[in-house]
Amino acid sequence: MARLKIAVLDSGVDVACIQLINNNIYSLVVNERNGVYQIENSIINEEQHGSLIIREILNGVENDKCEIYSIKILDDNLNCDVEKLIFALDYVYRNIKPNIINLSLGYKKENIQVYNIIKRIIGMGTLIVAAYDNENEESFPAKYPEVIGVKGIKKNNDPKRYIYDEKENNIYLYNGTRRFDLPGKGYKYIIGNSIACASITAYIANILCMEDLGISQIYSRLAEKSSSESEIEFNPCFHKSKERILLYPLNIRTLNKTDNLKKYCSLCGFLDFRKYIFTTIRDNTGNEYPIFNSFEDIPKEIDYIYVDELIDCKSSNISKVYEKILKGALVYKINLSFYERPDSYLLERFSYKFNKEKLNIEFVNVFERL
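Residues numbered from 1 in each chain as written. Predicted model: local features only at pLDDT ≥ 70, side-chain atom pairs only at ≥ 80, totals over all residues. Heavy atoms only, no water.

(A) Summary view of the overall build of the protein. Looking only at helices and strands, one finds 9 helices and 18 strands in the protein. Per-residue burial for the protein yields a buried fraction of 54% across its 370 residues. Considering only contacts within the protein whose residues lie at least 6 apart along the sequence, 68% involve residues at least 24 apart. Accessible area for the protein stands at about 17300 Å²; split by element, carbon and sulfur atoms hold 47% of it. (Helix = DSSP H or I, 4+ residues; strand = E, 2+ residues; numbered from the N terminus. Buried < 20%, exposed > 50% of the residue type's maximum accessible area, 1.4 Å probe, protein only. Contact = heavy atoms within 4.5 Å. Areas by Shrake-Rupley, 256 points an atom, 1.4 Å probe, with all protein chains shown as cover.)

This is how it looks when you write it as structure tokens:
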């Protein structure tokens, strides 16, 4: 049997990543030159959203049974023009003709051109698996009835346990936080519908590797294996846009990501324990944010502190910084969302106290969700 073809439209892939070396991966990118979109070879040398999506797919399907076509359409903030998405889908339709397309992305406003190309792709027998918006709101293309829409729900991490809604053609996958090792860079925790979507893509790919089934037969197989639980509880760590947050620490990385964070929350400023002459700072778009040097200065209406990767902190001091943040957040009753997990000793010390105060400690990469 010929290898299964899986197209992944995302932020690209680092094929030199140690976990992806010797895999059957083709890396492409859609570039705009003189107002015209072109498909070209892609070279990326860092772990991005797309690399982790492909690693999740390959965690669930054997490498020698599939080949993956990565097409970079998302920028560093995981944004994409609809026109670029249409161009990429049309290229896939005309040139790759895959068995499955993974779309760990979405948009709120329906676009009829996207829908038309999706129907043509599905008409040639290709399955499209798409992630819903992480805020539990409706999004496209996952909402289209011809597309398998995926949402993660709060249960265990078994990718074979899911609820399939035949009427809506949606899958609710029992998933949780995934840890990805980054050689030489530590590790990264990611949770969200993007990862759930990739897990379902791998699950369906395994079915197709064993049997040559049509789309309707795949739907029947999904229904047969579906769990029977009727209660659906979504992951609690998908933050809402109404949440008022502070970002820690203040550095070039966090300052450059403020625009992307607006999709998920209301950014009210930065927490940073260093002293500054001026009490505000502007991002690249000219927006001005206050800087808070201590927990005592933080406004009472702040819901969360997002704690980003401590890239500027010496490794010997990281636990001390986390402890200071945990202590302050507990005293001033503020929820925390960490990019990286503090060590187990700290979590054991503070988890019970946070639960007692009905406060959350979460582990979400707020820059990698889509």
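(B) How the structure looks around the side chain of Thr 258. You can see Thr 258 is positioned in helix 7 (residues 258-261). The class for Thr 258 is buried, based on a relative accessible area of 2%. Among the polar contacts made by the side chain of Thr 258, one reaches the main-chain carbonyl oxygen of Leu 255 at a distance of 3.4 Å. Within the structure, the side chain of Thr 258 is placed 2.7 Å from the side chain of Asp 283, a separation counted as a polar contact. In contact with Thr 258, not counting residues within four places along its chain, are Leu 267, Phe 270, Asp 283 and Tyr 289. (Polar contact = N/O pair within 3.5 Å; in protein donor to acceptor, adjacent residues only side chain to side chain.)

(C) Local environment of the side chain of Ser 104. When you line up the elements, Ser 104 lands in the loop between strand 5 (100-103) and helix 3 (112-123). Residue Ser 104 is classed as buried on the basis of its relative accessible area of 0%. One polar contact links Ser 104 to Asn 102, side chain to side chain, over a distance of 3.0 Å. At a separation of 3.0 Å, a polar atom in the side chain of Ser 104 contacts the main-chain carbonyl oxygen of Ser 194.

(D) Main features of the packing of aromatic side chains. Evaluated as defined, the whole model comprises 12 aromatic pairs. Summarising the aromatic geometry, the rings of Tyr 162 and Tyr 203 are spaced 5.4 Å apart at their centres and angled 65° between planes, so their arrangement reads as edge-to-face. Of this pair, Tyr 162 sits in strand 8 (residues 162-165) while Tyr 203 is found in helix 4 (residues 193-210), placing the two residues 41 residues apart along the sequence. In this structure Tyr 162 comes out as buried when scored by relative accessible area, which is 0%. Centroid distance Phe 295 to Tyr 332: 6.3 Å. Interplanar angle 10°. Geometry classified as stacked. Note that Phe 295 is positioned in the loop between strand 15 (288-292) and strand 16 (304-307) and Tyr 332 in the loop between helix 8 (318-331) and strand 17 (335-338), a separation of 37 residues in sequence. (Phe/Tyr/Trp six-rings, centres within 6.5 Å; stacked < 30°, edge-to-face > 60°.)

(E) Representation of the nonpolar core. With 71 residues, the main nonpolar core has Leu 9 and Ile 204 as its most contacted residues. When residues of this core are assigned to their parent elements, the largest contribution, 12 residues, is made by helix 4. With residues up to four places along the chain from it excluded, the contact list for Ile 204 reads Ile 100, Leu 127, Val 129, Ile 148, Ile 218 and Leu 222. With 26 residues, the next largest nonpolar core counts Leu 246, Leu 271, Ile 305 and Phe 363 among its residues. (Core = buried A, V, L, I, M, F, W, Y, C linked by side-chain atoms within 4.5 Å.)

(F) How the structure looks around helix 5 (residues 215-225). All buried positions along helix 5 are accounted for by Ile 215, Ile 218, Arg 221 and Leu 222. Down the axis, helix 5 shows its buried residues gathered within 115° of arc, on one side only. Along helix 5, exposed side chains directed more than 90 degrees from the buried face belong to Ser 216 and Glu 224. (Arc of directions from axis to C-beta.)

(G) Layout of the sheet that holds strand 17. In space, the 7 strands of this open sheet follow the order 14-15-13-12-16-17-18, with mixed pairing throughout. Edge positions in the sheet fall to strand 14 (280-282) and strand 18 (361-363), since each of these pairs with one other strand and no more. Looking at each pair of strands side by side, their axes are set apart by 30° on average, direction ignored. As paired strands, strand 13 (residues 266-271) and strand 15 are joined by 2 bridges and run parallel to one another. (Pairing = 2+ DSSP bridges. Axes fitted to C-alpha atoms, helices over the stretch in contact; angles between N-to-C directions.)

(H) Structural context of the pairing of strand 15. Examined bridge by bridge, strand 14 and strand 15 share 3 bridges and lie antiparallel to one another. Within strand 15, the position partnered with Ile 281 by the bridge is Tyr 289. Taking the residues between adjacent antiparallel strands as the criterion, strand 14 and strand 15 are bridged by 5 residues, where Gly 286 takes a positive phi near 95°.

(I) Quick look at the environment of Pro 299. Along the chain, the position of Pro 299 falls in the loop between strand 15 and strand 16. Looking at Pro 299, the relative accessible area reads 26%, which means it is partly exposed. Along the backbone, Pro 299 and Cys 268 are 31 residues apart, and their C-alpha atoms lie at a distance of 9.4 Å.

(J) Structural view of helix 3. Over its 12 residues, helix 3 extends 16 Å from the first C-alpha to the last, a length consistent with the 16 Å expected when each residue adds 1.5 Å. Among all positions of helix 3, only Val 114, Tyr 115, Ile 117, Ile 118, Ile 121 and Ile 122 are buried. Along helix 3, the residues classed as buried sweep out an arc of 170° about the axis, all on the same side. Facing away from the buried side of helix 3 by more than 90 degrees, the exposed set consists of Ile 112, Gln 113 and Gly 123. (Expected span 1.5 Å × (residues − 1).)

(K) Quick peek at the pattern of salt bridges. Under the counting rule described, the total for this entry stands at 12 salt bridges. Its salt-bridge partner being Arg 282, residue Glu 288 comes within 3.4 Å of it at the nearest N-O pair. Residue class for Glu 288 comes out partly exposed when judged on its relative accessible area of 44%. Bridged by salt links that share partners, the residues Asp 90, Arg 94 and Arg 120 form one connected network. (Salt bridge = Lys/Arg side-chain N within 4 Å of Asp/Glu carboxyl O.)

(L) Main features of the packing of helix 2 (residues 82-96) against helix 3. Their axes nearest at 10 Å, the elements helix 2 and helix 3 cross at an angle of 15°. Between helix 2 and helix 3, the interaxial angle falls into the category roughly parallel. Relative to helix 3, helix 2 is oriented so that their crossing is left-handed. Residues Val 82, Leu 85, Ile 86, Leu 89, Asp 90 and Tyr 93 of helix 2 pack against Gln 113, Val 114, Ile 117, Ile 118, Arg 120 and Ile 121 of helix 3. (Parallel < 35°, antiparallel > 145°, perpendicular 65-115°, else oblique. Left-handed = near helix turned anticlockwise from the far one by under 90°.)

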